[in-house]
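# Analysis of the macromolecular model
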Amino acid sequence: MPALPRLRSLLFVPGDRPDRMAKAAVLDADALILDLEDSVALSAKAAARQAIAAFLAAPRRQLLFVRVNPLDSGMIDDDLAAVLPAAPDGIMLPKAESGASLAALAARLTGATLILPIATETPAAIFGMGSYAQVSDRLCGLTWGAEDLPAAIGASTSREADGSYTAPYQLARSLTLFGAHAAGVPAIETVYPDFRDLDGLAAYAARGRRDGFTGMMAIHPAQVPVINAAFSPSPAEIAHARAIIDLFAANPGAGALSMDGKMIDAPHLKAAQALLARA
């Protein structure tokens, strides 16, 4: 599999708002997600396709993904016909249900265009989470959402009163995390909807990184620097990881070593190497 791009922060931008695309282009988001799906009314889809194609044709400094409409929407062919000639870096596929959805989209693409599925938006998708491995080299991550799924099953909400997820959506999040790692690609955390609560966002992103996510989607420009900071290793973490790697290099053949009064072994070495790769 080719090297995957760094995806700490991915900012949604409505496809029918070229003014917002221009403003987002100067931000430090690793990727922009130019949206043709939920944020664009049916009557505005055609204009949004044209606006996105024009934006893609300009010089770019970030990765540019396009969120197309779902495979069964009757609109995805028009979406792809409009944007693929301008060579987006990736396509975000909403309502993906399994590796079969990934394969179906990959068959329509040419060049090096990547695919980032949203893997939890239908009930059937929950049972396909382990099927994304070894389907297509275009897969560059898995992400999830907590809005479409409750609507699909008639749930009143996906959240407790304190904003935390109820048990079904904790499960969806966890399956996305493990499905991504089983496929060998980054796990991308879903959005934090209260864009004014940057402290809450920082805590949420920190929990995501703690749990094994390596990036997160954003809905507002103010969220981008908070997310980038949360998913970037600190100097102290980098130094600690290098110390672990150096200790194992100095003791070839050792299965377990002592460092700072604690035992470290192969999982610690693997984690240190992964952290330095992200850095």
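Further up the page is the structure itself.
Conventions adopted
Residues numbered from 1 in each chain as written. Predicted model: local features only at pLDDT ≥ 70, side-chain atom pairs only at ≥ 80, totals over all residues. Heavy atoms only, no water. Salt bridge = Lys/Arg side-chain N within 4 Å of Asp/Glu carboxyl O. Helix = DSSP H or I, 4+ residues; strand = E, 2+ residues; numbered from the N terminus. Buried < 20%, exposed > 50% of the residue type's maximum accessible area, 1.4 Å probe, protein only. Contact = heavy atoms within 4.5 Å.

Before going further, it helps to spend a moment on the pattern of salt bridges. Within this structure, the stated rule accounts for 15 salt bridges. D30 is paired through a salt bridge with R8; the nearest N and O atoms lie 2.9 Å apart. Of this pair, D30 sits in the loop between α1 (18-24) and β2 (31-35) while R8 sits in the segment before β1 (9-14), placing them 22 residues apart in sequence. Across the pair, exposure class does not vary: D30 and R8 are buried alike. The residue D89 makes a salt bridge to R60 at a minimum N-O spacing of 3.2 Å. Of the two residues, D89 is situated in the loop between α3 (76-83) and β4 (90-93) and R60 in the loop between α2 (45-57) and β3 (63-67); the sequence distance between them amounts to 29 residues. The class of D89 is partly exposed, set by a relative accessible area of 22%. Here R60 falls in the partly exposed class, since its relative accessible area comes to 32%. Through salt bridges that share partners, D35, E37, R67, K95 and D148 make up one connected network.

Glancing now at the side chain of Q223. Structurally, Q223 can be placed in helix α9 (residues 223-230). A relative accessible area of 1% means that Q223 is categorised as buried. Each residue touching Q223, except ones within four places of it in the same chain, is listed here: Y192, D194, F195, L198, L201 and A218.

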